[in-house]
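The lines below spell out each chain.
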Amino acid sequence: MFKVMTAINNDKDTLNYCNLISQDKRFDIIRTSTGIQTIDTYFERQPDALLMDSNFPDINGVEVLNKLSSSIDEKKKCNTILMANKREALAITKTSKLYAIMYKPCFPQDALFLIGQMYNENHCPKLNVDDLYSYFLDFKIHLSSNGCKYLKSAIELCLYNYPFYGNTFDNLLLQLAYQYNKEPEQIRDSIKNALKPINTSSQKYVMQLYPEIFIDDTQLSPKKFIERSTIYFHRKLRNK
């Protein structure tokens, strides 16, 4: 079983998160509600994923994160999802232990998205980068552009949490924004620019190659392209 530890100081929130996460039979839930309890239980139970609040009644989440990163082995484990507001997030030094930040207000379904993603990164076949770049070239995406870089990360993130649900797209942009130290709107605009050549030129050839990407559309928005590309590569990896 994949052990998921929730460290949330609000009983109602804890119940909501645990009820949703426990519906996925891959996950075994461990609960804590204070900073000290989180540190002690983490080292005792060794969870695979930690979903942690930024504030506890005894110590704050950043202190907990620093304590958990005190050993070299633990510091290398990228397994912590921190729930924080944007001001708190700006004050957090990037650490290899921090897998993602969920910006408050947070929602259980977004936490499940990230935990599933973390699980799948350890259990799913890896995407061949050369295959992905060849695919991008077919869509006239410039490989040196920022949009290409963000699309690569977005598709990889979504592949590790297939199926990709549309209501998580904004959270996906937030993850990419944190990863690249940008605003979500900048990420979206760069992806739009990367897709502009295929959206403003002849699509006949690429539509024949990838009919499942276009379906009934001739214009590919960032959301549609990422969703459909994720489905395409998921099927490709599954059939290997």
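What this report covers is the structure whose coordinates are included nearby.

What counts and what doesn't
Residues numbered from 1 in each chain as written. Predicted model: local features only at pLDDT ≥ 70, side-chain atom pairs only at ≥ 80, totals over all residues. Heavy atoms only, no water. Helix = DSSP H or I, 4+ residues; strand = E, 2+ residues; numbered from the N terminus. Contact = heavy atoms within 4.5 Å. Buried < 20%, exposed > 50% of the residue type's maximum accessible area, 1.4 Å probe, protein only. Pairing = 2+ DSSP bridges. Right-handed = clockwise from strand over helix to strand, strands pointing away. Core = buried A, V, L, I, M, F, W, Y, C linked by side-chain atoms within 4.5 Å. Expected span 1.5 Å × (residues − 1). Salt bridge = Lys/Arg side-chain N within 4 Å of Asp/Glu carboxyl O.

A separate point is the environment of Asp28. Looking at where Asp28 falls in the secondary structure, it is placed in strand β2 (residues 27–32). It is 39 Å that separates the C-alpha atoms of Asp28 and Ser134, two residues lying 106 residues apart in sequence. In this structure Asp28 touches Met1, Phe2, Lys3, Val4 and Arg45, once residues within four positions along its chain are discounted.

Considering the arrangement of structural elements, one finds Ala100 in strand β5 (residues 98–103). The class for Ala100 is buried, based on a relative accessible area of 3%. Once the C-alpha coordinates of Ala100 and Ala89 are considered, the two residues, 11 residues apart in sequence, prove to be 10 Å apart. Ignoring sequence-local partners within four residues, the contact set of Ala100 consists of Thr80, Ile81, Leu82 and Leu114.

Turning to the pairing of β2, a few remarks are in order. Side-chain direction in a regular strand flips from residue to residue, so the side chains alternate between the two faces of the sheet. Here strand β1 (residues 2–7) runs beside β2; their pairing, made up of six bridges, is parallel. Residue pairing across strands places Lys3 opposite Asp28, the latter belonging to β2. Once the chain exits β1 it traverses helix α1 (residues 11–21) before rejoining the sheet at β2, and the crossover so formed is right-handed.

Right, let's talk about the nonpolar core for a bit. With 34 residues, the main nonpolar core has Tyr135, Phe136, Phe139, Ile141, Leu151, Ile213 and Phe225 as its most contacted residues. At the level of secondary structure, the elements contributing two or more residues to this core comprise α7 (129–138), α8 (146–159), α9 (169–180), α10 (184–199), α12 (211–214) and α13 (222–238). Considering each element in turn, this core owes the most residues, eight residues, to α8. Excluding residues within four positions of it along the chain, Ile213 makes contact with Tyr135, Phe139, Leu220, Phe225, Arg228, Ser229 and Tyr232. Counting residues in hydrophobic clusters, the runner-up holds 21 residues, among them Ala84, Ala89, Ile101 and Leu174.

Of note, the amide linkage connecting Lys104 to Pro105 takes the cis form, showing an omega dihedral of 0 degrees. With respect to the helices and strands, Pro105 occurs in the loop between β5 and α6 (108–123). The phi dihedral of Lys140 is positive, around 60 degrees, even though this residue is not glycine. Relative to the elements of secondary structure, Lys140 occurs in the loop between α7 and α8. Of note, the phi angle at Asn181 is positive, near 60 degrees, even though the residue is not glycine. As for its position among the elements, Asn181 is in the loop between α9 and α10. Overall, the relative accessible area of 67% leaves Asn181 in the exposed class.

Looking now at α9. Because each turn of an α-helix spans 3.6 residues, side chains separated by three or four positions in sequence point in the same direction. In a regular helix each residue adds 1.5 Å, so 12 residues correspond to 16 Å; α9 covers 17 Å between its end C-alpha atoms and thus fits that length. Of all 12 residues that make up α9, nine are buried, and the element is covered over most of its length. Listing the buried residues of α9 in full gives Phe169, Asn171, Leu172, Leu173, Leu174, Gln175, Leu176, Ala177 and Tyr178. Directly after α9, the chain includes Asn181, whose backbone phi takes a positive value near 60 degrees.

Moving on, we get to the pattern of salt bridges. All chains considered together, the criterion is met by seven salt bridges. The shortest N-O distance in the salt bridge between Lys97 and Glu74 comes to 3.0 Å. Note that Lys97 is positioned in the loop between α5 (86–90) and β5 and Glu74 in helix α4 (residues 72–75), a separation of 23 residues in sequence. The exposure class assigned to Lys97 is buried, which follows from its relative accessible area of 0%. Residue classification places Glu74 among the buried positions, given a relative accessible area of 5%. The partner of Glu156 in a salt bridge is Lys152, with the nearest N and O atoms 3.1 Å apart. Taken together, the positions of Glu156 and Lys152, both in helix α8 and four residues apart, correspond to about one turn of that helix. Each member of the pair, Glu156 as well as Lys152, is classed as buried.

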